[in-house]
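# Topology and contacts: notes
Here are the chains, one letter per residue:
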Amino acid sequence: AQKVTQAQTEISVVEKEDVTLDCVYETRDTTYYLFWYKQPPSGELVFLIRRNSFDEQNEISGRYSWNFQKSTSSFNFTITASQVVDSAVYFCALASRGGADGLTFGKGTHLIIQP
Amino acid sequence: EPEVTQTPSHQVTQMGQEVILRCVPISNHLYFYWYRQILGQKVEFLVSFYNNEISEKSEIFDDQFSVERPDGSNFTLKIRSTKLEDSAMYFCASRGTSGSYNEQFFGPGTRLTVL
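Attention here is on the structure that accompanies the text. In this text the structure is predicted, and so the values were computed from the model without any measurement.

Check the secondary structure of chain A and you find zero helices and 12 strands. Taken from N to C terminus, the helices and strands of chain A fall in the order β-β-β-β-β-β-β-β-β-β-β-β. Taken over C-alpha atoms, the radius of gyration comes to 14 Å for chain A, in line with the 13 Å a tight globule of 115 residues would show. When its C-alpha atoms are laid out on the principal axes, chain A stretches across 40 × 25 × 20 Å. Taken across its 115 residues, chain A has 47% of its residues classed as buried. As displayed, chain A has an accessible area near 5500 Å², and 48% of this comes from carbon and sulfur atoms.

This is the structure we're talking about:
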């Protein structure tokens, strides 16, 4: 069985602070894929990043960065110099195999950026 | 940029009634999915569909649910006899296929309210 844990239910920071969202996953598969999605107040799910299990290289995209650590089964997401527009619920998700598997989502972290 | 579309954006129905939620996936995609999100909770996988048949379904996807791709462009989710607990946001998603598992693109969702 697969599982994604996002232990932080809600995080509130002041604008321009850095913030890290934690994600821990469980899977028995050796090949798997990790994702982050953003759900703004409008409700849609916006894809942010995909990471394959065989590629542990960390990634930076503007103010966003992701730290993938297989040894601790974690895929954490950091926002640098947060902005009010970053306020949203962020979901970490896992898929296994290359087939038709659906995504297993964590419960999400509600990020509040205060001006 | 191609996107997944869903209609209607909001559906209100009486308990026991049948509803059909419609989705138009991205045109060259081959895998299709339905997810639901009960208000304030995580996104849950319902079913995946490939090559005109169900590939995988979750425990939530019982006999009351069915999916269909009636005309090569639409992808529908039918709930035969709605229950109060079916009230949720329903997301359709699609993905293409390549050598690696690529990301799912989500539609804007249909909010189903069962009274």
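Structurally, the position occupied by Phe105 of chain A is in strand β11 (residues 104–105). A C-alpha to C-alpha distance of 6.5 Å links Phe105 of chain A and Phe91 of chain A, two positions 14 residues apart in sequence. Excluding residues that lie within four positions of it along the chain, Phe105 of chain A makes contacts with Val4, Tyr37, Phe91, Cys92 and Ala93 of chain A together with Tyr35, Lys42, Val43 and Phe106 of chain B.

Our focus in this paragraph is the pattern of salt bridges. Following the criterion strictly, the structure yields five salt bridges over all chains and no others. For Arg50 of chain A, the salt bridge goes to Glu103 of chain B, with nearest N and O atoms at 2.5 Å. Here the residue Arg50 of chain A occupies a position in strand β6 (residues 46–52), and Glu103 of chain B occupies one in the loop between β9 (88–95) and β10 (105–106), the pair thus bridging two chains. Linking Arg63 of chain A and Asp86 of chain A is a salt bridge whose minimum nitrogen-to-oxygen distance equals 2.8 Å. Of this pair, Arg63 of chain A sits in the loop between β7 (59–61) and β8 (64–69) while Asp86 of chain A is found in the loop between β9 (74–79) and β10 (88–96), placing the two residues 23 residues apart along the sequence. Among the residues examined, Asp86 of chain A registers a relative accessible area of 1% and is labelled buried.

Our focus in this paragraph is the interface of chain A and chain B. For interface size, the figure often reported is the accessible area lost on association. Every contact between the two is made by 22 residues of chain A and, on the other side, 20 residues of chain B. Here chain A meets chain B over a buried area of about 1700 Å², counting both sides, of which 59% is carbon and sulfur. Taken together, the links from chain A to chain B amount to one salt bridge. Taken together, the links from chain A to chain B amount to five residue pairs in polar contact (both at pLDDT 80 or more). Of all the secondary-structure elements, those providing two or more residues to the side of chain A that touches chain B are β5 (32–39), β6 and β10 of chain A. Examining the composition of the side of chain A that touches chain B, we find that four residues originate from one element, β5 of chain A, more than from any other.

A separate point is unusual backbone geometry. Residue Pro8 of chain B is bonded to the preceding Thr7 of chain B through a cis peptide linkage, with omega at -10°. Although it is not a glycine, Ala81 of chain A sits at a positive phi angle of roughly 50°. Tracing the chain through its elements places Ala81 of chain A in the loop between β9 and β10. Residue Ala81 of chain A is classed as partly exposed on the basis of its relative accessible area of 32%. Here Asn51 of chain B, not a glycine, exhibits a phi torsion of approximately 55°, which is positive. With respect to the secondary-structure elements, Asn51 of chain B resides in the loop between β5 (43–50) and β6 (53–57). Since its relative accessible area comes to 60%, Asn51 of chain B is described here as exposed.

Reading guide: rules and limits
- Residues numbered from 1 in each chain as written.
- Chains lettered and ligands numbered in written order.
- Predicted model: local features only at pLDDT ≥ 70, side-chain atom pairs only at ≥ 80, totals over all residues.
- Heavy atoms only, no water.
- Helix = DSSP H or I, 4+ residues; strand = E, 2+ residues; numbered from the N terminus.
- Rg over C-alpha atoms; globule rule 2.2 N^0.38 Å.
- Buried < 20%, exposed > 50% of the residue type's maximum accessible area, 1.4 Å probe, protein only.
- Areas by Shrake-Rupley, 256 points an atom, 1.4 Å probe, with all protein chains shown as cover.
- Contact = heavy atoms within 4.5 Å.
- Salt bridge = Lys/Arg side-chain N within 4 Å of Asp/Glu carboxyl O.
- Buried area = accessible area lost by both parts, 1.4 Å probe.
- Polar contact = N/O pair within 3.5 Å; in protein donor to acceptor, adjacent residues only side chain to side chain.

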